[in-house]
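Spelled out, the chains give:
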Amino acid sequence: MHGPYELMAVHLRSGDTVRVKSAADILATLDEHGRLNRLPFMPEMLRWCGETVRVSARADKTCDTIDFAGLRRITGTVHLDDLRCDGSAHGGCQAGCLLFWKEEWLAPPTDEQISTEPPAEQVAALQETTHTTSPDGDRFVCQATELPGATTPLAWWATGQYIRDVRSGNIGPVRLTRGLLVFFFNKYQGLSKRVLPRRLRIRGGRWYPFIIGKLSSTPRETLDLQPGELVEVKSRREILATLDPAGRNRGLSFDAEMLPYCGRRFRVLRRVERIIDEKTGRMRYMPRDCIILAGVTCQAIYHRFCPRAIYP
């Protein structure tokens, strides 16, 4: 089994089919902290053990959502279908992060599963890795909080990343070309703010697609939306009319990756009341209305093709 798996792992691409190994096999790959190469295997992932699923993307890189210092490199890792964390072992966090799967946790779909389920104490030990307790309160530990240790910085000029993006099937040549054109334009915009007189800058040196509001006090509208309800995302013009110059409404940014969904209709997936702060591991509570829409994820059009598909 080792030989065929090794061959498969080298060539895992978007669209491939794999089987998630048994819980016993996966737990055998983890250290005392429940991690492999510093990436946690979380209790929420146990539900898919033994199932056959599709690789939705290679996770060769990911956005830095802690220090926001660009992209980071990760190896031997993929995303599967739309398998997301439900937060059940992490205080009910509602961020719905797309899970990272090490290739050591996967096998060809034809391989026969013969391992038994792990003892209950092993599963209990895995549960204990999800948080730490200190005098100033609990800190949650998950894949999102531990990504800095499981990844390395990835410079934008490292051309190998773009070759991997195409060869893995994550993106096609047309999307690559369009994305790089936008990326280099925004690089120029940043440079122009440092070296050019204001009168020679394009749109003041702001990044494309120019999400610029004008309000000093942003409006609030309460719809009391509930899961399953159908909504229509307002037009770009209507949304810009609700933002301040930093592109925010009451502290929450309207990201450029949300623009493709303007004017379209979606179902409310859920209301978001609490999420883990990835930098501190603390649970944060949303003081105002916030929802996630089904099927609305970051496409990384403006973020160098990160495959993480975060929910806005």
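Preceding this section is the structure that the text describes.
Our subject in this report is the structure included herewith. (Residues numbered from 1 in each chain as written. Predicted model: local features only at pLDDT ≥ 70, side-chain atom pairs only at ≥ 80, totals over all residues. Heavy atoms only, no water.)

Turning our attention to the packing of aromatic side chains. All told, the structure shown has 12 aromatic pairs when counted by the stated rule. For the pair phenylalanine 41 and tryptophan 101, a centre-to-centre distance of 6.2 Å together with 75° between the ring planes defines the contact as edge-to-face. Linking phenylalanine 41 in the loop between strand E3 (39-40) and strand E4 (52-58) with tryptophan 101 in strand E8 (residues 101-102), this pair joins segments that are 60 residues apart in sequence. The pair phenylalanine 41 / tryptophan 101 is uniform in exposure class, with both members buried. Ring pairs connect the aromatic residues Phe41, Trp48, Trp101 and Trp105, which therefore count as one cluster. In this structure, arginine 84 packs its charged tip against the face of tyrosine 311, placed 4.1 Å from the ring centre. Note that arginine 203 overlies the ring of phenylalanine 210, its terminal NZ or CZ placed 4.5 Å from the centroid. (Phe/Tyr/Trp six-rings, centres within 6.5 Å; stacked < 30°, edge-to-face > 60°. Helix = DSSP H or I, 4+ residues; strand = E, 2+ residues; numbered from the N terminus. Buried < 20%, exposed > 50% of the residue type's maximum accessible area, 1.4 Å probe, protein only. Lys NZ or Arg CZ within 6 Å of the ring centre and 35° of its normal.)

For the rest of this paragraph, the subject is the nonpolar core. If you look at the biggest cluster of nonpolar residues, it comprises 32 residues, and the most contacted ones within it are Val20, Phe41, Leu80, Trp101, Trp105 and Leu106. The set of elements that each furnish at least two residues to this core consists of strand E1 (17-20), helix H2 (23-27), E4, strand E7 (77-80) and helix H4 (143-150). In contact with tryptophan 101, other than residues within four places in its own chain, are Val20, Phe41, Met45, Trp48, Gly76, Thr77, Val78, Leu80, Leu83 and Leu106. Of all hydrophobic cores here, the second largest spans 15 residues; its members include Val233, Leu243, Ala256 and Val296. (Core = buried A, V, L, I, M, F, W, Y, C linked by side-chain atoms within 4.5 Å. Contact = heavy atoms within 4.5 Å.)

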